[in-house]
Amino acid sequence: MKFIHLTDPHLVPRGCRLYGLDPNERLRAAIADINAHHRDAEFVLITGDLAHHGEAAAYNALRQALDVLAVPWHLLIGNHDDRAVFKAMFPEVPVDEHGFMQTVIESSAGPFVLLDTHDAGTHEGRLCSSRLGWLDRTLTSLRGQDVFLAMHHPPLMLNLPAMDHLGLAGRDDLAGLLERHRNIRHIFFGHVHRPVHGAWQGVPFSTQRALNHQVALHFDEQPRDCIPGSHEPPAYAVALISDGSVVIHVHDLLDCGPRFNLFDPAAEKAERIPPSSAAVAPRSMQIPGARQTGQRRRL
Ligand SMILES: [Fe+2]
C-alpha cells in the first residue's frame, strides 16, 4: 500500500507570498509531481497548517488545488488553521460527536486514525478529554487491527527548543492511552517543518519538511519570540506499507540537480555533470519560453 504524506502547506490567498515564497505554487507543484509519479497511491494525507492565517480565501485556494489532484485526499488541521472557517469551506470532512475534525479512514494496510490537535488561540496542540475519550473508544473498536495515527502536533519532545514549547500539551495522557492500546504501527505528524524520524512509546514516528518555509536546525534555546526559519527545500513523503514493513521515502520535489548512472565511468570521472533532462521541473513550474533543462524557477 502506498500513500503520500504531505504537510504544512501554509496557504495564503492566491497571488500572495509568505516568507518570500508562493505557497500556492508550491502546493500545485507537489500535486503535479504526485499526479505524474504516484497515481497508484491510495490517498494523499496533509497533516495540517493548511492555511497560514486560516482565512476563507486560502481554503478556497486549497480546494482549487485539490480539484486537480488525481488521488483521494484527507486533511487534518493545525495550529495555523481556523476550525470553523475550514469546516465551512470543507463541509464534507468528517467530525466526531463533539465537532472535532477526527475520523478513521480505511486503507488496505489498516485503519488510519486522524486526530484534531488544534487548540484555538495558541500554537500549542491539545488533545482534551473529549478527544482522548474518542480516541480511546476508537482504538478499542479497532483492537486486533494494525492502526496508524496521524496528527498535526508531535506527541513528543524533539530536542528542538523553538518548537518543543509549541508541542502537544498533555502528551502524557496520550502516552498512557497508547500504553493500553498496543496496536499502533506508526505515527505521522507535521508542525515541525523538518525531517525527523524515531520512536516514541515504542511506536515509530515520522515527519518531514513542509511545502513552503522550513524551521532551521537549532538545538540551542531560542528567544520565545523567535522561530528560526529557512528556505530549505520542500518535500513530501512516499510511505510504502506492507504486512512486514513501513518504508518512508522523502522526496525533494523541487530538486532539479543532475541525474546520472553511478556505473557510468564518464560520470564517475566528470569534473561537472550538467543538469539532466530527466530533472526538468514539472510542467506547472516551467517558465514559458525558457530553456527548461535544469532550469529552476524560484518558488
Ligand atoms: Fe506549520
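Quick summary incoming for the structure in this document. (Residues numbered from 1 in each chain as written. Predicted model: local features only at pLDDT ≥ 70, side-chain atom pairs only at ≥ 80, totals over all residues. Heavy atoms only, no water.)

## Regarding the coordination of the iron ion
Working step 1: In the first shell of the iron ion, the protein supplies D8 (OD), H10 (NE2), D49 (OD) and H193 (NE2), at 2.0 to 2.2 Å from the metal.
Working step 2: With 4 donor atoms in place around the iron ion and angles of 88 to 179 degrees between them, the coordination shape is irregular.
Working step 3: Sequence spacing of the donors to the iron ion: D-x1-H-x38-D-x143-H. With D8 in the loop between β1 (2–6) and α1 (23–37) and H193 in the loop between β9 (184–189) and β10 (196–200), this pair connects stretches of sequence that are 185 residues apart. Accessibility assignment for this pair places D8 and H193 in one class, buried. (Donors = N, O, S within 2.8 Å, 3.2 Å for Na, K, Ca; no water. Tetrahedral: all angles 85-135°; square planar, octahedral: opposite > 155°, others 65-115°. Helix = DSSP H or I, 4+ residues; strand = E, 2+ residues; numbered from the N terminus. Buried < 20%, exposed > 50% of the residue type's maximum accessible area, 1.4 Å probe, protein only.)

## Digging into the sheet that holds strand β14 (residues 236–241)
Working step 1: Taken together, 5 strands build an open sheet; the order of strands is β3-β2-β1-β14-β15 and the sheet is mixed. Of all the strands in the sheet, the pair left with one neighbour each is β3 (73–76) and β15 (246–251). Taken over all neighbouring pairs, the strand axes of this sheet differ in orientation by 20 degrees on average, direction set aside.
Working step 2: Where β14 meets β15, 6 bridges bridge the pair, whose relative direction is antiparallel. In the strand pairing of β15, V238 is matched with H249. (Pairing = 2+ DSSP bridges. Axes fitted to C-alpha atoms, helices over the stretch in contact; angles between N-to-C directions.)

## Things to note about empty space enclosed by the protein
Working step 1: Within the structure shown, the criterion is met by 1 cavity of 30 Å³ or more.
Working step 2: For the largest cavity, the calculated volume is near 30 Å³.
Working step 3: What lines the largest cavity is simply P154, L156, L158, M163, D164, G167, R171 and V192.
Working step 4: Along the lines of polarity and charge, the residues of the lining of the largest cavity split into 5 nonpolar, 1 polar and 2 charged. (1 Å grid on protein atoms, 1.4 Å probe; cavity = no way out; pocket = protein on both sides within 12 Å on 5 of 7 lines; lining within 4 Å. Points joined across faces, edges and corners; volume = space filled by probe spheres on them. Nonpolar A, V, L, I, M, F, W, Y, C, P; charged D, E, K, R; others polar.)

## Focus: the environment of P94
Working step 1: For P94, the position within the fold is in the loop between α3 (83–89) and β4 (103–105).
Working step 2: Take P94: its relative accessible area is 42%, and that puts it in the partly exposed class.
Working step 3: Once the C-alpha coordinates of P94 and L156 are considered, the two residues, 62 residues apart in sequence, prove to be 26 Å apart.

Nothing here speaks to function; it is all geometry.
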